[in-house]
Amino acid sequence: MFNFGKFVVILVVAGLLLTACGGQQPVTEVQITLTEFGIESSLTDFERGVPYRFVVTNAGSVEHEFMIMPPLSADEMGMGMDMMGLDEMALAMIEAADLPAGATASYDYTFTEVAPAGTLEFACHTPGHYEANMKLPIIVK
Ligand SMILES: [Cu+2]
C-alpha cells in the first residue's frame, strides 16, 4: 500500500536538501481554491522543470480533494473508475482527509513533461464532484 504521508515527508526532506545545496530555482507558489463546485487557480499555464508549490484551500463546506491528472472521458466516468485507478493516473494528489472544509494543504511538484491543452487538469474526484464540474484545465509548456 502506497504510504502517501511518508512520500510527502520524503518530498519535503528532498526539497530541503536541494535548497540547502543552493543554485536551485525558487519555488513558484500557486494559490488554488476549492468550492462547491469549482476550482480556481492563480496559474493555469505552467512550465516544465519549474518547481511549483500548489497551496490548496478548501473554501467550501464539505470535504474536497486535489488531483493533477488527465481528463476523464465520459466512458471512463461511466465505468466508475475506482479511487485506486485514479490514484495511479494522478501526477499529484492531496487526499480529501487532508482537505476538510476550511483547511489548506500544499503539495510541491515539478512537471517533467509538456502537456498541451486538453491533456491535463486539476480535478476533485470526491464522488459526484467531478461530474459537478470540479475541474480546471491546465497546460504545461
Ligand atoms: Cu470536491
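What counts, and where the lines are drawn
- Residues numbered from 1 in each chain as written.
- Predicted model: local features only at pLDDT ≥ 70, side-chain atom pairs only at ≥ 80, totals over all residues.
- Heavy atoms only, no water.
- Pairing = 2+ DSSP bridges.
- Helix = DSSP H or I, 4+ residues; strand = E, 2+ residues; numbered from the N terminus.
- Axes fitted to C-alpha atoms, helices over the stretch in contact; angles between N-to-C directions.
- Donors = N, O, S within 2.8 Å, 3.2 Å for Na, K, Ca; no water.
- Core = buried A, V, L, I, M, F, W, Y, C linked by side-chain atoms within 4.5 Å.
- Buried < 20%, exposed > 50% of the residue type's maximum accessible area, 1.4 Å probe, protein only.
- Contact = heavy atoms within 4.5 Å.
- Phe/Tyr/Trp six-rings, centres within 6.5 Å; stacked < 30°, edge-to-face > 60°.
- Lys NZ or Arg CZ within 6 Å of the ring centre and 35° of its normal.
- Patch = residues over 30% accessible without salt bridge, like charges linked within 9 Å, V, L, I, M, F, W, Y side chains within 5 Å.
- Areas by Shrake-Rupley, 256 points an atom, 1.4 Å probe, with all protein chains shown as cover.
- Salt bridge = Lys/Arg side-chain N within 4 Å of Asp/Glu carboxyl O.
- Lys, Arg positive; Asp, Glu negative; His and termini not counted.
- Charge placed at Lys NZ, Arg CZ, Asp CG, Glu CD.
- Polar contact = N/O pair within 3.5 Å; in protein donor to acceptor, adjacent residues only side chain to side chain.

J.: How do you make sense of the sheet that holds strand β2 (residues 38-41) when you look at a structure like this?
T.: Sheets are built from strands paired through backbone hydrogen bonds, the pairs being either parallel or antiparallel. If you walk across this open sheet you meet the 4 strands as β2-β1-β4-β7, and the pairing is mixed. Looking at which strands have only one partner, the edges of the open sheet turn out to be β2 and β7 (104-110). Each neighbouring strand pair of the sheet contributes to a mean axis angle of 25°, computed without reference to strand direction. Pairing geometry for strand β1 (residues 28-35) and strand β4 (residues 51-58), over 7 bridges, is parallel. Paired with glutamate 29 across the two strands is arginine 53, which belongs to β4.

J.: Mind showing me how you'd approach the sheet that holds strand β9 (residues 135-140) here?
T.: As summarised here, the arrangement of the 5 strands in space is β3-β9-β8-β5-β6, forming an open sheet in which the pairing is mixed. Each end of this open sheet is capped by a strand with a single partner; those strands are β3 (45-46) and β6 (92-94).

J.: I would appreciate a short explanation of the coordination of the copper ion in the present structure.
T.: The expected angle between donors at a tetrahedral four-coordinate metal is 109.5 degrees. At an octahedral six-coordinate metal it is 90 or 180 degrees. The coordination sphere of the copper ion, as far as protein atoms go, consists of His64 (ND1), Cys124 (SG), His129 (ND1) and Met134 (SD), spread over 2.0 to 2.4 Å. Counting the intervening residues between successive donors of the copper ion yields the motif H-x59-C-x4-H-x4-M. Note that histidine 64 is positioned in the loop between β4 and β5 (66-69) and histidine 129 in the loop between β8 (115-123) and β9, a separation of 65 residues in sequence.

J.: Can you walk me through the nonpolar core in this structure?
T.: Side chains of a nonpolar character, in soluble globular proteins, are inclined to be buried together. By size, the foremost hydrophobic cluster in this structure holds 26 residues, and its most contacted members are Ile32, Phe46, Phe54, Phe66, Ile68, Phe111 and Phe122. Broken down by secondary-structure element, the contributors of at least two residues to this core are β1, β4, β5, β6, β7, β8 and β9. Setting aside anything within four residues of it in sequence, one finds phenylalanine 54 in contact with Val30, Ile32, Phe46, Phe66, Ile68, Ala105, Ser106, Tyr107, Tyr109, Phe111 and Phe122. Ranked by size, the runner-up nonpolar core spans 8 residues in total, among them Met69, Leu72, Met93 and Ala123.

J.: Before we go on, may I ask you to explain the packing of aromatic side chains in this structure?
T.: Two measures describe an aromatic ring pair: the distance that separates the ring centres and the angle between the ring planes. Taken as a whole and assessed by the stated rule, the structure comprises 11 aromatic pairs. Between tyrosine 52 and phenylalanine 54, the aromatic rings sit 6.0 Å apart at their centres with planes inclined by 40°, giving tilted as the arrangement. Stacked on the ring of tyrosine 130, the Lys or Arg lysine 135 has its end atom at 4.6 Å from the ring centre.

J.: Even after reading the chapter, I still don't get a negative patch on the surface, so can you show me in this structure?
T.: The grouping of Asp87, Glu88, Glu95 and Asp98 at the surface amounts to a negative patch. Within the secondary structure, aspartate 98 is located in the loop between β6 and β7. Relative accessible area serves as the criterion here: at 39%, aspartate 98 is assigned to the partly exposed category.

J.: What exactly am I supposed to notice about the side chain of glutamate 121 here?
T.: Within the secondary structure layout, glutamate 121 lies in strand β8. Buried within the structure, glutamate 121 lacks any salt-bridge partner; lysine 135 is the closest side chain of opposite charge, at an N-O distance of 5.3 Å. One polar contact links glutamate 121 to tyrosine 130, side chain to side chain, over a distance of 2.5 Å. Excluding anything up to four places from it in sequence, glutamate 121 contacts Met67, Ile68, Met69, Pro70, Pro71, Leu72, Tyr130, Lys135, Leu136, Pro137 and Ile138.

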